[in-house]
Amino acid sequence: MILRSICFITILSLFPLSLHAQQDSLWLALDDTKEVVSQCVIYSALFDAYYDQGNDSCLIAAERLYQLSSEISDDNYIIKSLLDFGLYYEVLANEPQRGLEYYQQAYTLASDKNSEKLKDVTYFMGTFFHYLDDYEKAEGYYKQTIELAEVYNDQYRRKATSINLASIYSSQKKYELAERAFMKILDSASVGTEPYLDAMAQSNLGNLYIRQGNFKKAIICLNACVTYFKQADMLTDYLLCLTYIAEASIGQGQSDHLEKVIEELKFNLPGLQDVRTKSLVYSSLSDVYEFLGDYKQALMMKNQHFVYFDSLKQEQREEAIYELEAKYQSELRKNELNELKIKSQQAEINLATQKNKQVILILTSLVFLILIIVFILRSRNASRHALVLQGKNEQIATALSEREILLKEIHHRVKNNLQVISSLLNLQVEELEEEAAAAVRDGQYRVKSMALIHQKLYQENDLIGVRVGDYLESLIDELVDVFFGDSREVDVKVNASFLKLDVDTLIPLGLIINELVTNSLKYAFEGVCQPLLEVKITEVENILHVYVRDNGVGMGSSRLEELNGFGWKMIRSLCRQLKATIAVKQDEGTSVYLQVGRYTLIS
């Protein structure tokens, strides 16, 4: 935010000297003039010079200015003196309540006289409430100042106020609105004509970027203005800019320039008069020392910050300031309230409030008691429910265990019955002729393929699914033993991708594979030196792909059907049951490829 600058035309521009030399020149000029208006000009300039130094002598200049301007009834300088009084008491004497009284007197006089100086008064009122963080009142006065500045074509005042207004948006976290306002100021045609305001806009924009966490942009903006503040000997603005640079550097995690920042802040701090800025500087020094790991210095600086912060807030946050503003607004609207009536109403309100508090306390206690009772009852119900649930879970676990035992027994008995049937068929073979015996043996192999499934089921913990790879390896091993004995001449490769299928899928699929493997072992390997039998099953996009291949003499589907008419018919029937398609390819042996659409995987 921009510091208060009255911007009255003074004769200081005639003396480009040091502050002390300027003051001496002004006193000499005062001795040489008898004209009251000229004396008013000089006393106004003397106030500004002493105020910039933080020298209490500025109060004497303000009192003399008020006395002379009242003698000649010069409204403009009367308003100027009232603003000087307000500035002195608000900032240097740290009595904001008294300062506000003078601002309000200036506002009343400027409004009644329709004076151009009203834009200066509204600006001071805006900055007063801005310092108190009362952004709503400050925004209202700033907008009034901008309107008046446009009417009187005061571009300096308009630009300064626009910067302060954008600063309020930043404090209210309206970051996009604030950034647009700052960029509009920096992009305007007046850039370069008012270097102080340009520097202030850059400084405030840098502070905005810090609040947004964009520390890189913040450093760029702050470096663009810190040199100007130092060269222009604007101590308060220079130190505030250094605190922003320190905050941005900490945000970036960079400590390269922080020692230099500490040195500058501590060197210039004794000459600083503004209590608010001193509080901010000590707070910044504490943050820097903490970042650098010097916690002792950080604690010392934080304590100093609280000393000035408490001093500032104790005065600024007094409720009387706001009550005074409310009374003043009431006077402007000519609607004063009777003080006795207010006290009476306040007493009634306090009494009613006290009774309400008692009622609320009683109700709260009752509600709390009810909640405790409800909680206890629910806890008891939950305990009972947990016991009942535990009993039911135990019953379910017992039932599941009994069911598992029963299913194992069923699969065991089914397997035994199928073994009995296989043995009966084996006895029957001995009494039949060769062709009939071969057909019965084929039936025996089919029965064994089904019995093997039930054997796998009761041997494993899972009673509804069988690992396809284990099943096929056992099935093919038995068939190879039947046809080749102990010679084990056939190289068998089984790849089932760790699939597990349910019984309803595996029984028809096992019968099909049993039939295809049997055909290969019976007819394919005559005269083949290194017999190879390969079975592969995979699942791709919800289709089960079954692949049975041998490297035998090679037979097409017609030849297979001719050699094993019943078996081939059974295969086609089972394929319809599984919604499967079958294809036979004769290429370096026989390959049979099935695509199964109806199946159930067990996870």
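To keep things clear, this report deals only with the structure shown in the data block. On a predicted model such as this, the values are computed, not experimentally measured, just so you know. For every chain, the first residue of its written sequence is number 1, and the numbers climb from 1 along that sequence. Side-chain atom pairs in this predicted model are given and counted only at pLDDT of 80 or more, local residue features only at pLDDT of at least 70, and totals for whole chains, interfaces and linings cover all residues. To get the side-chain values, all heavy atoms of the structure are used, and hydrogens and water are removed first.

The subject of this paragraph is the side chain of Asp502. Within the fold, Asp502 resides in strand E3 (residues 500-502). For every residue, the accessible area (1.4 Å probe, protein chains only) is compared with the maximum for its type, and the residue is labelled buried under 20%, exposed over 50%, or partly exposed between those bounds. Neither His nor the chain termini are counted; the positive set is Lys and Arg, and the negative set is Asp and Glu. Any Lys or Arg side-chain nitrogen located within 4 Å of an Asp or Glu carboxyl oxygen qualifies as a salt bridge. Of the buried charged residues, Asp502 lacks a salt bridge, with Arg598 as the closest side chain of opposite charge at 10 Å. Here a polar contact is recorded for every N or O atom pair within 3.5 Å, except that within protein the pair must consist of a potential hydrogen donor and a potential acceptor, and residues adjacent in sequence are included only if both atoms are side-chain atoms. Reaching out from Asp502, the side chain makes a polar contact with the side chain of Thr505 at a distance of 2.6 Å. Secondary structure elements are defined from DSSP: runs of H or I of at least 4 residues count as helices, runs of E of at least 2 residues count as strands, and each element is numbered from the N terminus.

Once that is clear, we can look at the packing of helix H8 (residues 155-171) against helix H9 (residues 175-187). Axis separation between H8 and H9 bottoms out at 8 Å; the angle between their running directions is 160 degrees. On the basis of their axis angle, the class for H8 and H9 is roughly antiparallel. Once H8 is placed against H9, the crossing between them reads as left-handed. Contacts from Lys159, Ser162, Ile163, Ala166, Ser167, Tyr169 and Ser170 in H8 reach Tyr175, Leu177, Ala178, Ala181, Phe182 and Ile185 in H9. Residues belonging to the contact of H8 with H9 are distributed by class as follows: 9 nonpolar, 3 polar and 1 charged. Angular values range over 0 to 180 degrees, each being the angle between N-to-C directions of two axes fitted as lines to C-alpha atoms, with helices fitted over their stretch in contact. Each angle is binned into one of four classes, with values under 35 degrees roughly parallel, values over 145 roughly antiparallel, values of 65 to 115 roughly perpendicular, and all other values oblique. For a crossing to be left-handed, the near helix must be turned anticlockwise from the far one by less than a right angle; the clockwise case is right-handed. Only heavy atoms matter for contacts: two residues are in contact if any of them lie within 4.5 Å across the pair. Classes in brief: Ala, Val, Leu, Ile, Met, Phe, Trp, Tyr, Cys and Pro nonpolar; Asp, Glu, Lys and Arg charged; the others, Gly included, polar.

Among all positions of helix H13 (residues 258-268), only Leu258, Val261, Ile262, Glu264, Leu265 and Asn268 are buried. The buried residues of H13 occupy an angular sector of 165 degrees when the element is viewed end-on, so they sit on one face. With respect to the buried face of H13, the exposed residues turned more than 90 degrees away are Glu259 and Phe267. Residues of H13 that are buried in the fold lie against helix H11 (215-231), helix H12 (235-252) and helix H14 (275-292). Note that the arc is defined by the directions from the helix axis to the C-beta atoms.

A grouping of Val359, Ile362, Leu363 and Leu366 is seen on the molecular surface, where their side chains present a nonpolar patch of about 380 Å² in accessible area. Position of Val359 among the secondary structure elements: in helix H17 (residues 339-429). Looking at Val359, the relative accessible area reads 45%, which means it is partly exposed. Patches here are clusters of residues that have more than 30% relative accessible area and form no salt bridge, with a 9 Å joining cutoff for like charges and a 5 Å cutoff for nonpolar side chains (Val, Leu, Ile, Met, Phe, Trp, Tyr). Calculation of accessible area relied on Shrake-Rupley with a 1.4 Å probe; when residues are assessed, cover is drawn exclusively from the protein chains displayed.

Any covalent bond linking the sulfur atoms of two cysteines counts as a disulfide. Cysteine sulfur atoms are paired as a disulfide whenever they fall within 2.5 Å. Applying the stated criterion across every chain yields a total of 0 disulfides. Just so you know, Cys225 is unpaired, no disulfide at all, and the nearest cysteine sulfur is the one on Cys241, 3.6 Å from it. Under the relative-accessibility criterion, Cys225 is labelled buried at 0%. The class of Cys241 is buried, set by a relative accessible area of 0%.

A few words on H11. Counted at 1.5 Å a residue, the expected span for H11 with its 17 residues is 24 Å, and the 25 Å between its end C-alpha atoms agrees. One fitted axis covers the seven residues ending at a residue, a second covers the seven starting there, and the bend at that residue is the angle between these axes. Most pronounced at Asn223, the bend in H11 amounts to some 25 degrees. Residues of H11 that are buried include every one of Ala218, Ile219, Cys221, Leu222, Cys225, Val226 and Phe229, and no others. Tucked into the core, H11 has its buried residues touching helix H10 (195-212) and H12. Count one or two residues on from H11 and you reach Asp233, which has phi positive near 60 degrees. To estimate the expected span of a helix, subtract one from its residue number and multiply by 1.5 Å.

The pairing test for Phe, Tyr and Trp rings, Trp by its six-membered ring, is centres within 6.5 Å, and the orientation test on the planes gives stacked under 30 degrees, edge-to-face over 60, and tilted for anything in between. This structure, assessed with the given rule, holds 15 aromatic pairs. A centroid spacing of 6.0 Å and a plane angle of 75 degrees characterise the contact between Tyr103 and Phe128, whose relative ring orientation is edge-to-face. One end of the pair, Tyr103, is in helix H5 (residues 96-112); the other, Phe128, is in helix H6 (residues 118-131), with 25 residues separating them in the sequence. Given the relative accessible area of 0%, Tyr103 is considered buried. Here a set of aromatic residues connected by ring pairs shows up, and it is made of Tyr103, Tyr107, Tyr123, Phe124, Phe128, Phe129, Tyr141 and Tyr142. Taking NZ or CZ as reference, Lys137 lies 5.9 Å from the ring centre of Phe129, over its face. Sitting above the plane of the Tyr123 ring, Arg157 keeps its charged end 4.3 Å from the centroid. Remark: a charge is flagged as sitting over a ring if the NZ atom of Lys or the CZ atom of Arg is within 6 Å of the ring centre and within 35 degrees of the ring normal.

With that out of the way, let us pick up the sheet that holds strand E5 (residues 543-550). Strand pairing is defined by DSSP finding a minimum of two bridges between the two strands. Here we have 5 strands laid out as an open sheet, ordered E2-E4-E5-E7-E6, and mixed in their pairing. Edge positions in the sheet fall to strand E2 (491-495) and strand E6 (580-586), since each has one partner strand and no second. Across the sheet, the axes of successive neighbouring strands diverge by a mean angle of 10 degrees, strand direction being ignored. Two strands pair when backbone bridges link them, and E2 and strand E4 (residues 532-540) are joined in this way by 5 bridges, in the parallel orientation. By the bridge assignment, Val492 is partnered in E4 with Leu533.

Next up on the list: the nonpolar core. In this description, a nonpolar core means a group of buried Ala, Val, Leu, Ile, Met, Phe, Trp, Tyr and Cys residues linked to one another through side-chain atoms lying within 4.5 Å. Phe47, Val121 and Phe229 are the most contacted members of the largest nonpolar core, which totals 94 residues. Top contributing element to this core by residue count: helix H4 (residues 75-92), with 10 residues.

What follows is about the pairing of E5. Burial within E5 is extensive, with 6 of its 8 residues counted as buried. The turn linking E4 back onto E5 is made up of 2 residues, and Glu541 within it adopts a positive phi angle of 55 degrees. Note that E5 and strand E7 (residues 590-596) share 7 bridges and pair antiparallel. In the sheet register, His545 faces E7, and the bridge partner there is Gln595.

Here the focus is the pattern of salt bridges. Taken as a whole, this structure holds 11 salt bridges when the rule is applied. For Lys80, the salt bridge is made with Asp48, and the minimal N-O distance between the two is 3.7 Å. With Lys80 in helix H4 and Asp48 in helix H2 (residues 36-53), this pair connects stretches of sequence that are 32 residues apart. Exposure class is identical for Lys80 and Asp48. Each is buried. Between Lys80 and Asp84 there is a salt bridge; the shortest N-O distance is 2.8 Å. Residue Lys80 and its partner Asp84 are located together in helix H4, separated by 4 residues, close to a single helical turn. Here Lys80 falls in the buried class, since its relative accessible area comes to 0%.

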